[in-house]
Amino acid sequence: MKNLYDLVVIGSGPGGYVSAIRASQLGLRTAIIEKYQELGGTCLNVGCIPSKSLLDSSKYFSLAKNNYSSHGIFFEKLFFDFKKMMDRKNEVVKNINNGVKYLMKKNKIDLYQGIGSFKTKNILFLKDRKSLKEKKEIQFQYCIISTGSKPLGLSHLNFHIENRILSSTEALHLKEIPNQLIIIGGGIIGLELGSIFNRLGSKIIIIEPMDKIISNMDDSLSQEMRKILEKSSIRIETSLSVSNIFKENHEKISVIAKYHNENEKEVKFIGDYCLLSIGRRPYTKNLGLENINIQRNKKGFILVNDDLQTSVKNIYAIGDVIGGKMLAHKAEEEGLYVVEHMVGQKPNKLNYDLIPSIIYTYPEVASIGRSENEIKKDKIEYNIGIFPMKILARARTSGCTDGFLKMISHKKTDEILGVHIIGDHASDMIMEASVAMEFRSSSEDIYRICHPHPTLSESFKEAALLNFENRSIHM
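Just so we're clear, the structure is a prediction, and the values are computed from it rather than from any experiment. In this numbering scheme, every chain counts its residues from 1 along its sequence in written order. Whole-chain, interface and lining totals are the exception, using all residues; otherwise, since this is a predicted model, local features are given only for residues with pLDDT of at least 70 and side-chain atom pairs are given and counted only at 80 or more. Note that water and hydrogens are dropped before the side-chain values are worked out from all heavy atoms of the structure.

Draft legend 1. Structural detail: the overall build of the protein. Helix and strand assignments come from DSSP, with helices taken as H or I runs of at least 4 residues and strands as E runs of at least 2, each series counted from the N terminus. If you tally the helices and strands in the protein, you get 13 helices and 22 strands. The reference for a compact globule is 2.2 Å times residues^0.38; the radius of gyration itself is calculated from the C-alpha atoms. For a compact globule of 475 residues, the expected C-alpha radius of gyration is about 23 Å, and the protein comes in at 24 Å, within 12% of that figure. Oriented by its inertia axes, the alpha-carbon framework of the protein measures out at about 70 × 60 × 50 Å. To sort residues, take the accessible area from a 1.4 Å probe on protein chains only and compare it with the maximum for the residue type: under 20% means buried, over 50% means exposed, and anything in between is partly exposed. Each of the 475 residues in the protein was classed as buried or not, and the buried ones make up 53%. Expressed as a percentage of contacts within the protein between residues at least 6 apart in sequence, the contacts between residues at least 24 apart total 62%. Values of accessible area rely on a 1.4 Å probe in the Shrake-Rupley scheme; residue burial ignores everything except the protein chains shown. Accessible area of the protein: about 23,400 Å², with a carbon and sulfur share of 48%. When charges are counted, neither His nor the chain ends are considered; positive counts come from Lys and Arg and negative counts from Asp and Glu. To locate a charge, take NZ of a lysine, CZ of an arginine, CG of an aspartate or CD of a glutamate. Taking the average location of the 65 positive side-chain charges in the protein and that of its 55 negative ones, the two points are 5 Å from each other. Any two residues having at least one pair of non-hydrogen atoms within 4.5 Å are treated as being in contact.

This is the structure we're talking about:
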C-alpha cells in the first residue's frame, strides 16, 4: 500500500503543530487534522494564551489602583472596561491563530478540518465534527496522537445548574464580573483565574480538598502564596470536600462542603458562579482507538513506551493525552523528540524531572526539580539557601518585594536538586535553573557566574552562596 503521508498528526495544539513543523523540516510529507475551526488547541484558544492576556490586563489595572501612587503616579476616575479586556484577549488569540495557520502553509503541511478516527494502523477516517459522517480516508506511515485533555467535572455529584457552573473555558468567556466567585480547586488554574477576577472586584473563595494550595509544589511556595493571596482578600479554605451544589435562586448558587476532620463540619458558600478547576482528563473521544487496540490505563490515558510509541508501534502519542505534567512545553518537547526519533536521529530523551512549572499570578511562581519533601523522603542529605526578594535592589525599585528564591543542593556533591521561586518575572528566571540543572551544575557554579546588577537574577547568586557556604553577601 502506497502511503499518502509520511506523518499525520491528530490535534493542532502546541505538541501537534510543533511536531508537524519539525517533521516537515526533516523532509516528511505531513498532514495535521484538527476538529475545531481554529488551530492551537486548548492552550491557544481556551487556556494559556487567553488567561495570560487577562492576567496581564487585570494586573495593570490592579497596579494602577493600588501601587502606582508610591511611584508618584496618580489617576482620576480610574476604571476598566471588561468588554475591551475581553476583546483584546480575543484579538491576541486571533493573531496567534493566524500565525499558526501561516506556519502550516509555510512548511507545506496539509490541514484537514474534522475528526481523525482510526480504521487501521495505517488508515484514518476523516469524519465531520458534528455529524460524524466519514468524509475521506487518509493513509499514513506514522501518526502522532496529540488530542490533549478536557476539564474534569465532579462526577460523584448529580447536579445541573445552567450557566452557573463553569469550567476554565466558560470562565474565560464570561460577559460580566462575578460579585462572588467560588473556585473548587487550589491548583494553577484556580489561582490564576481567581487572581484575574479578584483584581477586577470579585470576592473569591477557593475551596481545596488537600491541606494546602498548589499541593504538587514545594511546601514553602504553597505557604508563601497563601499569604500573598490572602493579603489580596482572596479567601482560602483547605481540607474540604464538596458534597453538594444547588441553586439558591436564579442568580445565586450554594456549595456545600465538609471539613476533613473527626466532626466533618459542614459549611455553606454562596456565590454567583462556581468554577471547577479540579484537573483534566485525556481527550480520546471518537478516535477509534479500540479499532486498532491502542492500550490505555484506568484513567483513560494512552500508554506509551520510553520513545512515546503506543502499543501500535507506528503510532505515537504526546502531551496531555498520555498524562504526566499537563503543560504545553512538555507536549512541544515530546513532539520534537518523537519526530526526530521517527527519522532515525538520536535525540536526548526529555528529562521529566526538569520540566518547569509556572503560575502566572502576581508575583509569579516557578518551580523545577525536586521539592524539599521529596528529597527528605528519599533520605538525601541536602543544603538549602533561601534568599528573600525584598533584599534585592531591583525588587525595591520595581515595587514587587514579595517572595523568595529557594535553592536545594546535594550536601556531598553540591549538585542543584531543586529551585523554587516566588517573585516578579519568576517565569523567566526559572530558565537559569533549568539550564544549570540540565548540565548538573553545582550551587558553587552558579555563585561563580557574574550576575548583572541590579537584577532579580542576583537572587540565584545569593541563594547559591547560602547553599555551599551558608552565608550571603547582601543578607
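Draft legend 2. How the structure looks around unusual backbone geometry. Geometrically, the link from Tyr362 to Pro363 is a cis peptide bond, its omega value of -5° lying close to zero. Mapped onto the fold, Pro363 is located in the loop between β18 (357-359) and β19 (364-369). If you check the backbone angles, Asn286 has positive phi at about 65° while not being a glycine. The topology assignment puts Asn286 in the loop between β16 (280-282) and β17 (315-317). With a relative accessible area of 29%, Asn286 lands in the partly exposed category. Although it is not a glycine, Asn293 adopts a positive phi angle of roughly 60°. Checked against the element boundaries, Asn293 lands in the loop between β16 and β17.

Draft legend 3. Quick peek at the environment of Asn373. Secondary-structure assignment places Asn373 in helix α9 (residues 372-377). In the structure, Asn373 is positioned 342 residues away from Ala31 in sequence and 45 Å away in space, judged by C-alpha atoms. Those residues in contact with Asn373 that sit more than four places away from it in its chain are Lys212 and Asp219.

Draft legend 4. Layout of the sheet that holds strand β12 (residues 240-247). One open sheet accounts for three strands, arranged β12-β13-β14; its pairing is antiparallel. Two strands in the sheet have a free side with no partner beyond their single neighbour: β12 and β14 (266-271). Here the average twist between neighbouring strands, direction ignored, is 25°. Pairing of strand β13 (residues 253-259) with β14, which is carried by six bridges, proceeds in the antiparallel orientation. Residue pairing for β14: Ile253 is matched across the bridge by Gly271. Strands are treated as partners if at least two bridges between them are detected by DSSP. Helix axes are fitted to C-alpha atoms over the stretch in contact, other axes to C-alpha atoms as well, and angles between N-to-C directions run from 0 to 180 degrees.

Draft legend 5. Here's a closer look at helix α8 (residues 328-342). Residue count minus one, scaled by 1.5 Å, sets the expected span of a helix. Over its 15 residues, α8 extends 21 Å from the first C-alpha to the last, a length consistent with the 21 Å expected when each residue adds 1.5 Å. For α8, every residue scored as buried is listed here: Lys330, Ala331, Glu334, Gly335, Tyr337, Val338, Val339, Glu340 and Met342. At its buried positions, α8 is contacted by β1 (5-10), α1 (14-25), β6 (134-145) and β17.

Draft legend 6. Structural view of the sheet that holds β19. Within the open sheet, the five strands sit side by side as β18-β19-β22-β21-β20. Their pairing is antiparallel. Only two strands of the sheet have a single neighbouring strand rather than two, namely β18 and β20 (382-388). Neighbour-to-neighbour, the strand axes of this sheet turn through a mean angle of 10°, independent of strand direction. Relative to β19, β18 is paired through three bridges, and the arrangement is antiparallel. Bridge pairing links Ile359 to Val365 in β19. Where helix α7 (residues 219-231) meets the sheet, it contacts β19, β21 (404-410) and β22 (416-423), and its direction lies at approximately 0° from that of β22.

Draft legend 7. A look at the pairing of strand β2 (residues 30-34). Taking burial as the measure, the five residues of β2 include five buried ones, the bulk of the element. Where burial is concerned, the two faces of β2 agree: the one with Thr30, Ile32 and Glu34 and the one with Ala31 and Ile33 are both buried. Relative to β2, β1 runs parallel, the two being bridged by four bridges. Each residue of the ladder has a partner; that of Leu7, found in β2, is Thr30. A crossover connection joins β1 to the parallel β2 through α1; in handedness this β-α-β unit is right-handed. Bridge count between β2 and strand β3 (residues 110-113): four bridges; the pairing is parallel. Within β3, the position partnered with Glu34 by the bridge is Gln113. With the strands pointing away from the viewer, any crossover whose connection runs clockwise from the first strand over the helix to the second is right-handed.

Draft legend 8. Local environment of the packing of aromatic side chains. Only rings of Phe, Tyr and Trp enter the pairing, Trp through its six-membered ring, and a pair is recorded when the two centres are within 6.5 Å. The plane angle decides the type: under 30 degrees is stacked, over 60 is edge-to-face, the rest tilted. Tallied over the entire structure, the rule returns six aromatic pairs. With a centroid separation of 6.3 Å and an interplanar angle of 70°, the aromatic rings of Phe118 and Phe140 are classed as edge-to-face. Taken as a pair, Phe118 in strand β4 (residues 115-120) and Phe140 in strand β6 lie far apart in primary sequence, 22 residues in all. A relative accessible area of 0% places Phe118 in the buried class. Taking the relative accessible area as the measure of exposure, Phe140 reaches 0% and is therefore buried. Ring geometry for Tyr447 versus Phe468: centroids 5.6 Å apart, planes at 50°, classification tilted.

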